[in-house]
Amino acid sequence: MIEVVEAMENMRLSDYAGYAYLAATVRELKLETQMLLPRLGGRTVWMVNSTADGGGVAEMMPKLVGLMRDLGVKIQWVVIHPSESAFFSLTKRIHNLIHDFGAPGFTEQEQTLYERVSRDLADEMQGRLGADDILVVHDPQPLGMGAELKRRTGIRAIWRCHIGVDKRTPATASAWDFLKPHASVFDHAVFSVPEYIPHFLVGRAGIISPSIDPLSHKNRELHAHKLIGILSNAGLMTNHHPVLTSHWQHQAQRFQPDGRFLNANTGLKIGLLFRPTVTQISRWDGLKGWEPLMEGFLRLKARCAQGDIKDARHKRRIEIARLVFAGPDPSAIQDDPDGREVLHSLCDKYRRLNRDEQESIALLTLPMASRKENHLMVNAIQRCATVAVQNSLQEGFGLTATEAMWKRIPVLGSTACGLRQQIRDGIDGRLNHDPEDTDEIAENLNQMLFDSVGRDTWGRNAQRRVYDRFLIFKHVQEWLERLSETAQRPPSTTGLQR
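Residues numbered from 1 in each chain as written. Predicted model: local features only at pLDDT ≥ 70, side-chain atom pairs only at ≥ 80, totals over all residues. Heavy atoms only, no water.

Draft legend 1. Fine view of a nonpolar patch on the surface. Taken together, the side chains of I228, L273 and F274 make up a nonpolar region of the molecular surface, amounting to roughly 300 Å² of accessible area. Here L273 lies in the loop between β9 (261–263) and β10 (277–281). Classification of L273 by relative accessible area gives partly exposed; the value is 34%. (Patch = residues over 30% accessible without salt bridge, like charges linked within 9 Å, V, L, I, M, F, W, Y side chains within 5 Å. Areas by Shrake-Rupley, 256 points an atom, 1.4 Å probe, with all protein chains shown as cover. Salt bridge = Lys/Arg side-chain N within 4 Å of Asp/Glu carboxyl O. Helix = DSSP H or I, 4+ residues; strand = E, 2+ residues; numbered from the N terminus. Buried < 20%, exposed > 50% of the residue type's maximum accessible area, 1.4 Å probe, protein only.)

Draft legend 2. Highlighting the state of the cysteines. The tally for this structure, following the rule as stated, stands at zero disulfides. Unpaired in this structure, C417 has its nearest cysteine sulfur neighbour in C161, at a distance of 12 Å. (Disulfide = S-S within 2.5 Å.)

Draft legend 3. How the structure looks around the packing of helix α2 (residues 20–40) against helix α18 (residues 472–488). Look at α2 against α18: their axes get within 9 Å of each other, and the N-to-C directions meet at 10°. Considering their axes alone, α2 and α18 lie roughly parallel with respect to each other. In contact with L22, T25, V26, E28, L29, E32, T33, L36, R39 and L40 of α2, α18 contributes F473, V476, Q477, L480, E481, L483, S484, A487 and Q488. (Axes fitted to C-alpha atoms, helices over the stretch in contact; angles between N-to-C directions. Parallel < 35°, antiparallel > 145°, perpendicular 65-115°, else oblique. Contact = heavy atoms within 4.5 Å.)

Draft legend 4. Representation of the pattern of salt bridges. Under the counting rule described, the total for this entry stands at 30 salt bridges. The salt bridge involving R424 is made with D428; its shortest N-O contact spans 2.6 Å. For R424, a relative accessible area of 33% corresponds to the partly exposed category. Accessibility expressed as a relative area gives 0% for D428, which makes it buried. In this structure, D456 and R460 form a salt bridge, with 2.5 Å as the shortest nitrogen-oxygen distance. With D456 and R460 both in helix α17 (residues 452–469) and four residues apart, this pair spans about one turn of that helix. The partly exposed category is assigned to R460, whose relative accessible area is 45%. Ionic contacts of the salt-bridge type, sharing partners, join the residues D123, E148, R151 and R152 into one network.

Draft legend 5. Highlighting the sheet that holds strand β5 (residues 156–161). As summarised here, the arrangement of the seven strands in space is β1-β3-β2-β4-β5-β6-β7, forming an open sheet in which the pairing is mixed. The strands lining the two open edges of the sheet, one partner per strand, are β1 (2–5) and β7 (205–207). Taken pair by pair, the neighbouring strands of this sheet meet at an average axis angle of 25°, ignoring direction. Summarising the sheet, strand β2 (residues 44–49) and strand β4 (residues 134–138) pair through four bridges and their orientation is parallel. Residue M47 lies in a different strand from β4, and its bridge partner there is V136. In this fold helix α5 (residues 108–126) packs onto β1, β2, β3 (74–80) and β4, with an angle of close to 50° to the strand it touches most, β1. (Pairing = 2+ DSSP bridges.)

Draft legend 6. Spotlight on helix α13 (residues 371–383). With 13 residues, α13 extends 18 Å from end C-alpha to end C-alpha; this agrees with the ideal 18 Å at 1.5 Å per step. In terms of residue burial, α13 counts as a mostly covered element, since ten of its 13 residues are buried. Along α13, the residues classified as buried are N374, H375, L376, M377, V378, N379, A380, I381, Q382 and R383. Buried residues along α13 sit against α3 (56–71), α8 (224–233), β10, β11 (322–328), β12 (361–366) and α14 (399–406). (Expected span 1.5 Å × (residues − 1).)

Draft legend 7. How the structure looks around unusual backbone geometry. Of note in the backbone geometry, D100 takes a positive phi value of approximately 60° without being a glycine. Within the secondary structure layout, D100 lies in the loop between α4 (86–98) and α5. Even without glycine at this site, D139 takes up a positive phi of about 70°. Within the secondary structure, D139 is located in the loop between β4 and α6 (143–153). Of the residues examined, D139 reaches a relative accessible area of 10% and is grouped as buried.

Draft legend 8. Region of the structure containing the nonpolar core. Counting 55 residues, the largest nonpolar core has M68, F473, V476, W479 and L483 as the members making the most contacts within it. Looking at this core element by element, the count peaks at eight residues for α3. When residues no more than four places from it in sequence are discounted, the contact partners of V476 are L29, L64, L67, M68 and L71. Counting residues in hydrophobic clusters, the runner-up holds 47 residues, among them F88, M125, M145 and A183. (Core = buried A, V, L, I, M, F, W, Y, C linked by side-chain atoms within 4.5 Å.)

Draft legend 9. Geometry of the environment of I208. Note on placement: I208 falls in the loop between β7 and α8. Using a relative accessible area of 0% as the deciding quantity, one classes I208 as buried. Taking C-alpha positions, I208 is 5.4 Å from S192, a pair spaced 16 residues apart along the chain.

Draft legend 10. Examining the packing of aromatic side chains more closely. The tally for this structure, following the rule as stated, stands at 16 aromatic pairs. Judged by centre distance (6.1 Å) and plane angle (75°), the rings of W159 and W176 are edge-to-face. On the criterion of sequence distance, the pair formed by W159 in strand β5 and W176 in helix α7 (residues 170–183) is long-range, its members being 17 residues apart. Here W159 falls in the buried class, since its relative accessible area comes to 0%. Put simply, the rings of F87, F88, F106, Y114 and F178 pair up and form one aromatic cluster. (Phe/Tyr/Trp six-rings, centres within 6.5 Å; stacked < 30°, edge-to-face > 60°.)

Structure (structure tokens):
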């Protein structure tokens, strides 16, 4: 099934221009638009991806679509809903192989499944498209559908791939060999970083960095009363005084030592407003480095208990520090069937810890029933962090790091390609060179928690880097440039094939 999604964004560029620190970049975007928009010639742009909730693409799409409409672009957002559940299991395996994770190779049945579902989706989508429209499909899930539509109609088409890895292995080669017949028919491809471009698209692909919206519910400033109100409404803290608004119907849940998920502030208290907090927020993906981060944090705690930390103030900081893992309720993410399994594995590991270790770690699931409430929870949790972590083994880009950087929270990332595009080690934060090395993780956390002056400097530098390179306005401008170039080319039925 094909679903046209309403972006549900009310912010206009004039709203952003009312903020002094955003006015100049909004003005620049409007000037660029005056030159680029006429080249689109009134064509409709169709943005297609695989989910409206969860993950970076779904995060960016409402704002991207909303601001383009505000600028005068005719644009629609479409989400695919395959009729066969096995399709998303297959595309998740493709996703993992592109990140060099999993056993290479595909069966004839898997190829047939991908092509059959892609044809069915193309059948439904085809009648919506005009001859002069531009089709943009995001990532491997709708790629086959887009390729089928390109072959049938010759429509101008762009493939936007948000994932990748900066090396070629048997696993990555297997994934790209699977996708090549489909990706090769597009007029153009777009990647997040140059290292991700496969060899058969070299010279025919461009770069657009993902971005964040500085005034979204996930990223906007939260004054003290608002921050406390969100934590209270979400069940992340205990009310000691009356608050203005009532508790949300769907609240954050915390995994308990007895194996249940209950209200996040039940039993063991998190202490987000009071304790030094190390926080990782992401989808429940095995490539996010959850378990090594947990082990590294516990190793730092153990070093403190053994007397390895001599500074009294820092020792106290480590003793009361909390590690907070937070991610979406996995049942709400339709295109990520592995989420439950990854979370279940983390919960099993947590249950094997002793009582003191369990008290120092919080595993949180954040409900997705309300996108606004979910984003406000993420915002509040990040703003309570002393150090934000993205310990990914592989990372397409990592907008969770971008979001924390914008909030001036010092970030400990890994050298996964997408993260090192953002975080300059020792300038905007720190990088784990081996995200599975628990000793390195423990030592980097130790240094970052100790160095309050360094944390302030990294946070300021990080926010400036996001302002210069990773805000939504630059993203919109780069897309308008790409779309206007595509509109000026004659449509081709051969696309990237030579």
